[in-house]
Amino acid sequence: MTRAEPARAAHPWFAGEHPRVLAHRGLVPDPGGEDIVENSFSAVAAAHAAGAEYVESDCHLTRDGVVVLFHDDDLSRVTGDPRRVSDVTARELSVLMAPRGGLITLEQALEAFPTVRFNLDVKADDAADAVGAGVAAHPDRVLLTSFSDVRRLAALEAVQRAGADRPATSAGTATIQRLVAAVAMRSERVAARVLRDVDAVQVPERKGRIRVVTPRMIHYAHAAGVEVHVWTVNDADDMRRLLSMGVDGIVTDRADVALELVAH
């Protein structure tokens, strides 16, 4: 495969293997099973054991102020409990997650897996400051993102207040929308201006009828020194096709499949 790398990937988060395989919420060896669920300690451990250098996860704040790796606002889909993450304590959530692979907090993730680089999506406004403070000791191993650019910037500001170096960061939805518009206008100059403060764009291949990932979009991002990571790609043929287009990373539930594919 021909893989074009962007001109700028200076942040230490990007020092790992390219193209990048980002284990989406860790790795669940038995999808559909209940012994290990997404974003559990065991799921992160399984991704690490499979050889994943990068783990994509999500951050919420519990009632007692603990940042936990959890995707949904509430617990119903994963645990059957209807309460919101923000309504339970870390101890209560730990009990609920115990038979499902175990709760993992942000602090535990960064300390228990010192060789893993984390891609962290800040899911709640009230979590932004705590996430920023939590990653301040590990800025070289963290990429901070959020669908909300406001939330993403708030987390980055919290890191700065802690006196730490800036983590890597990827664009929120509003920035992506401006990039798509710049691509439609065929303006590399506008695209570069849109992307000047981010290190990566992490996007679906399509959004409804709009094709987000195109050769021109990849070219404009690379010209700006920005990587392109596509989510969530679980089919091996789709992985090959996207990598042949020049994308830099695949966010996938099947990190085991993707890692084998990029190794050959």
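You'll find the structure just up there.
Being a predicted model, the structure only gives us computed values, none of them experimental.

J.: Would you explain the environment of arginine 91 in this entry?
T.: Take arginine 91: it is sitting in helix 3 (residues 90–97). In sequence terms arginine 91 and valine 226 are 135 residues apart; their C-alpha atoms lie 40 Å from each other.

J.: I'm lost on the packing of helix 5 (residues 128–135) against helix 6 (residues 149–161) in this one. Help?
T.: Each pair of packed helices can be summarised by the angle the axes make with each other and by the distance between the axes. Here helix 5 crosses helix 6 at 45 degrees, and the two axes come no closer than 7 Å. For the element pair helix 5 / helix 6, the angle class is oblique. In this structure, helix 5 crosses over helix 6, and the sense of that crossing is right-handed. Counting all contacts with helix 5, which are made through Ala128, Asp129, Gly132, Ala133 and Val135, the residues of helix 6 involved are Arg151, Ala154, Ala155, Ala158, Val159 and Arg161. Partitioning the contact of helix 5 with helix 6 into residue classes produces seven nonpolar, one polar and three charged.

J.: Before we go on, may I ask you to explain the environment of aspartate 72 in this structure?
T.: Tracing the chain through its elements places aspartate 72 in the loop between strand 3 (67–69) and helix 2 (76–79). In this structure, the C-alpha to C-alpha distance between aspartate 72 and asparagine 119, residues 47 residues apart in sequence, is 16 Å. Residues contacting aspartate 72, with those up to four places away along its chain left out, are His60, Arg77 and Val85. Looking at aspartate 72, its side chain comes within polar contact range of the side chain of histidine 71, at 2.6 Å. For aspartate 72, the side chain forms a polar contact with the side chain of arginine 77, separated by 2.8 Å.

J.: Whenever I open this one, the pairing of strand 11 (residues 249–252) confuses me. Can you help?
T.: For a regular strand, side-chain orientation follows a simple rule: the groups alternate between the two sheet faces. With burial as the criterion, each face of strand 11 is covered, one bearing Gly249 and Val251 and the other bearing Ile250 and Thr252. Sheet topology note: the strand 1 (residues 20–24)/strand 11 ladder contains four bridges and is parallel. Along strand 11, the bridge assignment pairs leucine 22 with valine 251. Both strand 10 (residues 227–231) and strand 11 contribute to a ladder of two bridges, which runs parallel. The residue of strand 11 that forms the bridge with histidine 229 is glycine 249.

What counts and what doesn't
- As a convention, each chain's residues are numbered from 1 in the sequence order in which they are written.
- A pLDDT threshold of at least 70 governs which residues receive local features in this predicted model, and a stricter bar of 80 or more applies before side-chain atom pairs are shown or counted, although totals over entire chains, interfaces and linings include all residues.
- Neither water nor hydrogens contribute to the side-chain values; these are computed over all heavy atoms in the structure.
- A run of H or I in DSSP becomes a helix once it reaches four residues, and a run of E becomes a strand once it reaches two; helices and strands are each numbered from the N terminus.
- Angular values range over 0 to 180 degrees, each being the angle between N-to-C directions of two axes fitted as lines to C-alpha atoms, with helices fitted over their stretch in contact.
- Between 65 and 115 degrees an angle is taken as roughly perpendicular, under 35 as roughly parallel, over 145 as roughly antiparallel, and anywhere else as oblique.
- By convention, the crossing between two helices is left-handed when the near helix turns anticlockwise from the far helix through less than a right angle, and right-handed when the turn is clockwise.
- We call two residues in contact whenever any of their non-hydrogen atoms come within 4.5 Å of each other.
- In this classification, Asp, Glu, Lys and Arg are treated as charged, Ala, Val, Leu, Ile, Met, Phe, Trp, Tyr, Cys and Pro as nonpolar, and every other residue, Gly included, as polar.
- N or O atoms within 3.5 Å of each other form a polar contact, as long as, within protein, one can give a hydrogen and the other can take it, and as long as residues adjacent in sequence are counted only when both atoms are side-chain atoms.
- Classification of residues uses two cut-offs on accessible area relative to the type maximum, computed with a 1.4 Å probe and protein chains only: under 20% is buried, over 50% is exposed, and between them is partly exposed.
- By definition, two strands form a pair when at least two bridges between them are found by DSSP.

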